[in-house]
Amino acid sequence: MAAPAPQATATPSAQATGPISDADVAEWKDKFNKVFAAPSEHFNSKSPATAQPWTNNFWNFFNPLETCLMTWCLPCVVFGRTHHRVNKSGSLKGYEPINTSCLLFCGSTAVCMQWLPMAIQRADFRAKYNLQGSCAVDIALACCCGCCDIVQMDKEAEMRAAGEQSQNGIQEQYKATEVMAVPVEQKQ
């Protein structure tokens, strides 16, 4: 009879930390606290007169179809992806589909409050990129057309992240210059 194999012990640094980030939890907690501390101030907030229009049309949610379908089936994943792209890395470096924002969205949906983190994220997004809108519109869009709202923010975040990357010296991804083909042996 063979001796049992020794079990590997993982060091704390080698263990996975899981999908919940303490920094993200603190960030969301601060956002909720600011909103609940002065609700009328936030509800009556509007973008400045110099705000720009959104580049992506709100009603063009079917393009690209992959984002539309993903949002329809798993809105929490797209919500979390947008949050990561806007607040951490436009290139999605370090992104995990199941993250703090995704789980927050799922939890708030379980109690029919998904509109709250959606409206907060949209308000932060508008402020960061100086886009037109108001808190009342953010809430209405989150309540009435949640999937369209998530798709619009995701597409806008992706487009703006690509613009930021090109400004930072990353012009575009690798593109093949010619079609690759397998050489065919010729019989003589």
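The protein is annotated in an unreviewed UniProt entry as PLAC8 family-domain-containing protein of Cercophora samala.

K.L.:
Residues and numbers for helix α7 (residues 135–144), please.
P.N.:
Listed in full, the buried residues belonging to α7 are Cys135, Asp138, Leu141 and Ala142. Projection of α7 onto a plane perpendicular to its axis shows the buried side chains occupying an angular sector of 125°, all on one side. Structurally, α7 contributes buried residues whose contacts are with α2 (39–43), α6 (115–129) and α8 (146–167).

K.L.:
Please provide a residue-by-residue account of the pattern of salt bridges, values included.
P.N.:
Applying the stated rule across the entire model yields nine salt bridges. One salt bridge connects Arg85 with Asp154, and the closest N-O pair in it is separated by 3.5 Å. Remark: Asp154 occurs in helix α8 and Arg85 occurs in helix α4 (residues 75–87); sequence separation between them is 69 residues. With relative accessibility at 1%, the residue Asp154 sits in the buried group. With a closest N to O distance of 3.0 Å, Arg160 and Glu156 form a salt bridge. Separated by four residues within a single helix, Arg160 and Glu156 lie in helix α8, roughly one turn from each other. Glu156 shares its class with Arg160; the two are buried.

K.L.:
Requested: an account of unusual backbone geometry, with residues and values cited.
P.N.:
A cis amide bond links Asn63 with the next residue in sequence, Pro64, at an omega value of 0°. Within the secondary structure layout, Pro64 lies in the loop between α2 and α3 (65–73). Here the phi dihedral of Asn130 falls at roughly 55°; this positive angle occurs in a residue that is not glycine. By the element assignment, Asn130 lies in the loop between α6 and α7.

K.L.:
Now, about a nonpolar patch on the surface: what can you tell me, with residues and values included?
P.N.:
A surface patch of nonpolar side chains, about 320 Å² in accessible area, is lined by Ile20, Val25, Ile98 and Leu103. Looking at the secondary structure, you find Ile20 in the segment before α1 (22–37). For Ile20, a relative accessible area of 48% puts it in the partly exposed group.

K.L.:
Could you give an account of the nonpolar core, naming the residues involved and the relevant values?
P.N.:
Core analysis: the largest hydrophobic core is formed by 15 residues, its most contacted members being Phe105, Met118 and Ile120. Elements supplying a minimum of two residues to this core: α1, α4, α5 (100–110) and α6. Not counting the four nearest positions on each side in its chain, Met118 is found in contact with Phe79, Phe105, Ala142, Gly146, Asp149, Ile150 and Met153. Val86, Phe125, Tyr129 and Ala157 belong to the second largest nonpolar core, which has seven residues in total.

Procedures and definitions
Residues numbered from 1 in each chain as written. Predicted model: local features only at pLDDT ≥ 70, side-chain atom pairs only at ≥ 80, totals over all residues. Heavy atoms only, no water. Buried < 20%, exposed > 50% of the residue type's maximum accessible area, 1.4 Å probe, protein only. Helix = DSSP H or I, 4+ residues; strand = E, 2+ residues; numbered from the N terminus. Arc of directions from axis to C-beta. Contact = heavy atoms within 4.5 Å. Salt bridge = Lys/Arg side-chain N within 4 Å of Asp/Glu carboxyl O. Patch = residues over 30% accessible without salt bridge, like charges linked within 9 Å, V, L, I, M, F, W, Y side chains within 5 Å. Areas by Shrake-Rupley, 256 points an atom, 1.4 Å probe, with all protein chains shown as cover. Core = buried A, V, L, I, M, F, W, Y, C linked by side-chain atoms within 4.5 Å.

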